[in-house]
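As a plain string of letters, each chain reads:
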Amino acid sequence: MEINEALIKYCLRLGDDAMILGHRLSELCSKGPYLEEDIAMTNISLDLFGQTRMMYTTAGEIEGKGRTEDDFAYKRLEPEFQNVLLVEQPNGNFGNTMARQMVFSVFYYHLFKELQSSSNEKLAAFAAKSLKETTYHMRHSCEWIVRLGDGTEESHWKVQDALNEIWSYRHELFEKDEVDETLIAAGLIPDTATFKSAFEASVQEVLDRATIEEVEEGWKSTGGRIGHHSEYMGHILPIFQSIPRTYPESKW
Amino acid sequence: MSADNQFPQWEVFIQSKTGLPFKHVGNLHAADGELALQNARDLYTRRQEGTSIWVVPTDEIVASNPDDSDAFFDPAEDKIYRAATYYNLPKEAKHI
Amino acid sequence: MEDVNRLEAFQAKIDREEKIEPKDWMPDAYRKHLVRQMSQHAHSEVVGMQPEGQWITRAPSLRAKVVLLAKVQDEAGHGLYLYSATESLGISRDELLEQLHTEKAKYSSIFNYATLNWADMGAVGWLVDGAAIVNQVSLQRTSFGPYSRGMVRICKEESFHQRQGYEIVADMALGSPEQKQMAQDALNRMWWPSLMMFGPHDADSPNTGNATKWKIKRETNDELRQKFIDKTIQQATVIGLTVPDPDLKWNEATGHYDFGEIDWSELKEVINGRGPCNKQRLNHHRKAHQEGAWVREAANAYAQKQKDKKKVA
């Protein structure tokens, strides 16, 4: 695969992951378990949309066809989105939301740590900035998993359930295909296999503090990177894209 | 509605730049110090207002009583000799 | 006898434009008035997150989305500053929420209206935040310290809210025919409810006396409402929108706009729980609170366990 083609796809993948998760968190506005936590979750959403915008802009620049961040966000359909299935999962209860966040943030923390030394300046700068944000997201979600796990009996089984459900979705983050192999070979992105054990160690530390003994392994999600999503995508995009789609002649 | 689980209150102090004093900016409710710190960061530093945060349980604050202000603070009023401007020195003397 | 002296000293402080702080002696009526006013102000910020929050997922551009998210976040923050200030007078957050949930406490009438198209996001920022700014700028000089300081902070943050809203409306009013129609429609629906935000006429306002004497309120309802109208008409005119008031007329003699009579019966209905969205707003808030109970309990339980560990260690 040609390097630029791989780069565009890679940037879109990062952008899509951030966008769909940002969307899920934005659904929670005014629905938090208490007001202070409402602000925390919308803050994470804001950070993620910032990352989305950076990656879409970069993809558009490399592509050189004049596509803008909004073209990528509002004018592509489900099969063109390359986000992992993890981020499409619904918010559920607060335990579900934090479990999803923990898996996402711990992965991206480790990824950004490596990616910030990419020889591609744009990727390196993006990773350095996003690392700061993701470090905070990781801290926030992990601290909540600990408190829910080692809180009350009710919170313990609720977060256990949440982890059991989300566990299926973490392997997909480490999938590699031609896009990744091309960029790894060119030294532009890290091989995710190199930090898989670090990821697992980080997660295990949280589970230990949360007094979670074991999480069920189930099906391993896959397909997001080639546009095969969960059924949720079909309900996310129509809402997200509704206004420009309804009024295509208008400028937004 | 049952009497709910009230989180303790924390007072928040922000240092806007290293070297400057911490300023009281308000308070919030949180179950423990870690969450209080994170909530304070989200609530009070969104516009780059700070580089460092202290959170202190409101119950730990010992405050002077407004009824005592006369006794506490007025006696300082007539001790103007604590100010540099009180002293008359020869104009010619430098660095003093 | 002591109370008479304290009351005199209190009034003298107010007259000297000194701030009253939470631990200062204050008449019961002053405390009660402030608790009611500040808590209702706080509830307004929080309930206001709902009509705007429900458009975040549909914001038509990424820029619009992050701006709206940031704005609604600010509203949550304002609610928190105001709850803090209220709690300094000896009432707990739980009691305040209970008052909201049982409808003992009210919140601004405007948030009981539905937001029906994207232009409403513009109208809310332009008109509702615009009206709030007029009120809040005045409140910066209120006599109660925590309220005054909260207002200063809020005013700094509020200015982007109104500009964000006006930008949306202006872009749409000057955009495609569909956009212009949506913008005019939003103005048609939001104008009168925005004027009602300032409350009843001064003559019909029961709490004005003390509020003025104790410098809680620095200007009257009618004065603030007039300020808002005078500022806003021109903003509508330059983008080609028509304010839905056939009686609106510039009065050269007074230097203000004359305007039509407000439908006070509508305000009365909305204030008393019979507006378009009252039930929906409260149900939403109660539901979020109830669903969050297990989370709050968990956080408290964890904190207690850590404290117990420390004791044993």
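What counts, and at which threshold
Residues numbered from 1 in each chain as written. Chains lettered and ligands numbered in written order. Predicted model: local features only at pLDDT ≥ 70, side-chain atom pairs only at ≥ 80, totals over all residues. Heavy atoms only, no water. Helix = DSSP H or I, 4+ residues; strand = E, 2+ residues; numbered from the N terminus. Rg over C-alpha atoms; globule rule 2.2 N^0.38 Å. Buried < 20%, exposed > 50% of the residue type's maximum accessible area, 1.4 Å probe, protein only. Contact = heavy atoms within 4.5 Å. Areas by Shrake-Rupley, 256 points an atom, 1.4 Å probe, with all protein chains shown as cover. Lys, Arg positive; Asp, Glu negative; His and termini not counted. Charge placed at Lys NZ, Arg CZ, Asp CG, Glu CD. Buried area = accessible area lost by both parts, 1.4 Å probe. Salt bridge = Lys/Arg side-chain N within 4 Å of Asp/Glu carboxyl O. Phe/Tyr/Trp six-rings, centres within 6.5 Å; stacked < 30°, edge-to-face > 60°. Polar contact = N/O pair within 3.5 Å; in protein donor to acceptor, adjacent residues only side chain to side chain. Nonpolar A, V, L, I, M, F, W, Y, C, P; charged D, E, K, R; others polar. Pairing = 2+ DSSP bridges. Axes fitted to C-alpha atoms, helices over the stretch in contact; angles between N-to-C directions. Patch = residues over 30% accessible without salt bridge, like charges linked within 9 Å, V, L, I, M, F, W, Y side chains within 5 Å. 1 Å grid on protein atoms, 1.4 Å probe; cavity = no way out; pocket = protein on both sides within 12 Å on 5 of 7 lines; lining within 4 Å. Points joined across faces, edges and corners; volume = space filled by probe spheres on them. Parallel < 35°, antiparallel > 145°, perpendicular 65-115°, else oblique. Left-handed = near helix turned anticlockwise from the far one by under 90°.

Undergrad: Sorry, what's going on with the overall build of chain B here?
TA: For chain B, the helix and strand inventory stands at 2 helices and 3 strands. When the helices and strands of chain B are read in sequence order from the N terminus, they spell out β-β-α-β-α. In terms of C-alpha radius of gyration, chain B reaches 21 Å, well past the compact-globule figure of 12 Å for 96 residues. A principal-axis box enclosing the C-alpha atoms of chain B has dimensions of 75 × 35 × 15 Å. Burial analysis of chain B (96 residues in total) assigns 28% to the buried set. Residue pairs in contact within chain B that sit at least 24 positions apart in sequence constitute 41% of those at least 6 positions apart. Accessible area for chain B stands at about 6700 Å²; split by element, carbon and sulfur atoms hold 55% of it. The distance from the centre of the 9 positive side-chain charges to the centre of the 15 negative ones in chain B is 17 Å.

Undergrad: For this particular structure, what's the right way to read the interface of chain B and chain A?
TA: On the side of chain A, 12 residues touch chain B, which itself brings 13 residues to the contact. Roughly 1300 Å² is buried in total at the junction of chain B and chain A, and carbon and sulfur atoms are behind 50% of that figure. Across the contact surface, chain B and chain A share 2 salt bridges. For A:Arg139, the salt bridge identified is with B:Glu34, shortest N-O distance 2.7 Å.

Undergrad: How should the packing of aromatic side chains be read in this particular structure?
TA: Aromatic ring pairs are reported here in terms of the distance separating the ring centres and the angle at which the planes meet. The full count for this structure, using the stated rule, is 29 aromatic pairs over all chains. Aromatic pair A:Tyr34 and B:Phe7: ring centres 4.8 Å apart, planes at 80 degrees, arrangement edge-to-face. Of this pair, A:Tyr34 sits in the loop between helix H1 (3–26) and helix H2 (35–63) while B:Phe7 sits in the segment before strand E1 (9–15), which puts the two residues in different chains. B:Phe7 gets classed as buried once you look at its relative accessible area, which sits at 5%.

Undergrad: How do you make sense of the interface of chain C and chain A when you look at a structure like this?
TA: Quoted interface sizes are often the accessible area lost when the parts come together. Taken together, the contacts link 45 residues of chain C with 48 residues of chain A. Overall, the association of chain C and chain A removes approximately 3800 Å² of surface from exposure, summing both partners, and the carbon and sulfur fraction of that is 70%. At the boundary of chain C with chain A, the tally comes to 2 salt bridges. The closest approach of N and O atoms between A:Asp150 and C:Lys305, which form a salt bridge, is 2.9 Å. At the boundary of chain C with chain A, the tally comes to 13 residue pairs in polar contact (both at pLDDT 80 or more). Put simply, the parts of the chain that give the side of chain C that touches chain A at least two residues each are helix H2 (28–53), helix H3 (62–87), helix H7 (177–196), helix H11 (278–291) and helix H12 (293–312) of chain C. If one sorts the elements of the side of chain C that touches chain A by residue count, H3(C) sits on top with 13 residues. When its residues are assigned to classes, the side of chain C that touches chain A shows 24 nonpolar, 12 polar and 9 charged.

Undergrad: Sorry if this is basic, but what is going on with the pattern of salt bridges here?
TA: Going through the model one piece at a time under the given rule, you end up with 43 salt bridges over all chains. A salt bridge links C:Glu52 to C:Lys71, with the shortest nitrogen-to-oxygen separation between them at 2.6 Å. Placement of C:Glu52 in helix H2 and of C:Lys71 in helix H3 is noted, with a sequence separation of 19 residues between them. For the pair C:Glu52 and C:Lys71, one class covers both residues: buried. Where salt bridges share partners, they join A:Glu143, A:Arg147, A:Arg209 and B:Asp32 into one cluster.

Undergrad: Would you mind showing me how to read the sheet that holds strand E2 (residues 22–29) of chain B here?
TA: In sheet architecture, strand pairing relies on hydrogen bonds along the backbone and comes in two forms, parallel and antiparallel. Residue and element names in this part refer to chain B. Read from one edge of the open sheet, 3 strands run E2-E1-E3, paired in antiparallel fashion. On the outer flanks of this sheet lie E2 and strand E3 (52–57), each paired with one strand and no other. Each neighbouring strand pair of the sheet contributes to a mean axis angle of 25 degrees, computed without reference to strand direction. Of the pairings in the sheet, the one linking E1 to E3 comprises 6 bridges and is antiparallel in character. Its bridge partner being in E3, Glu11 is matched across the sheet by Val56.

Undergrad: I keep staring at the environment of A:Ile189 and nothing clicks. Help me out?
TA: Residue and element names in this part refer to chain A. With respect to the secondary-structure elements, Ile189 resides in the loop between helix H7 (178–185) and helix H8 (196–209). A relative accessible area of 7% means that Ile189 is categorised as buried. Considering only alpha carbons, one finds Ile189 and Leu207, 18 residues apart in sequence, at a separation of 29 Å. For Ile189, the residues in contact, after removing those within four places along its chain, are Tyr10, Leu115, Leu123, Asp180, Leu183 and Ile184.

Undergrad: Could you clarify how one ought to interpret a negative patch on the surface in this entry?
TA: A cluster of acidic residues, A:Asp161, A:Glu165, A:Glu213, A:Glu214 and A:Glu216, forms a negative patch at the surface. Within the secondary structure layout, A:Glu214 lies in the loop between H8 and helix H9 (233–240).

Undergrad: Is there a simple way to think about empty space enclosed by the protein in this case?
TA: Counted by the stated rule, this structure contains 4 cavities of 30 Å³ or more. Roughly 310 Å³ of volume is contained in the largest cavity. In terms of lining residues, the largest cavity is bounded by 24 residues, among which A:Pro33, A:Tyr34, A:Leu35, C:Leu97 and C:His289 are the most central. Counting only elements with at least two residues in the lining of the largest cavity, the list comes to H2 of chain A together with H2, helix H4 (93–101) and H11 of chain C. For the lining of the largest cavity, a count of residues per class yields 9 nonpolar, 8 polar and 7 charged.

Undergrad: Just checking my understanding: could you explain the packing of helix H5 (residues 118–139) of chain C against helix H6 (residues 145–173) of chain C for this structure?
TA: Packed helix pairs are characterised by how far apart their axes lie and by the angle those axes make with each other. Residues and elements named next belong to chain C. The interhelical angle for the contact between H5 and H6, taken along N-to-C directions, is 150 degrees, at an axis separation of 7 Å. With respect to each other, H5 and H6 are oriented roughly antiparallel. The element H5 and its partner H6 pack so that their crossing is left-handed. Counted by class, the contact of H5 with H6 contains 16 nonpolar, 10 polar and 2 charged residues.

Undergrad: What should I look at first to understand unusual backbone geometry in this one?
TA: Most peptide bonds are trans, and most residues other than glycine sit at a negative phi. Positive phi values are uncommon outside glycine, yet A:Ser30 reaches one of about 70 degrees. If you trace the backbone, A:Ser30 turns up in the loop between H1 and H2. The phi torsion at C:Lys215 lies on the positive side, around 50 degrees, for a residue other than glycine. Tracing the backbone shows C:Lys215 in the loop between helix H8 (208–213) and helix H9 (221–238).

Undergrad: I'm lost on the side chain of C:Gln136 in this one. Help?
TA: All names here are of chain C. Within the secondary structure, Gln136 sits in helix H5. Within polar-contact distance, the side chain of Gln136 engages the side chain of His41 at 3.1 Å. Here the side chain of Gln136 touches Glu158 through a polar contact of 3.2 Å, side chain to side chain. When sequence neighbours within four positions are dropped, the list of residues in contact with Gln136 reads His41, Glu45, Met151, Ile154, Cys155 and Glu158.

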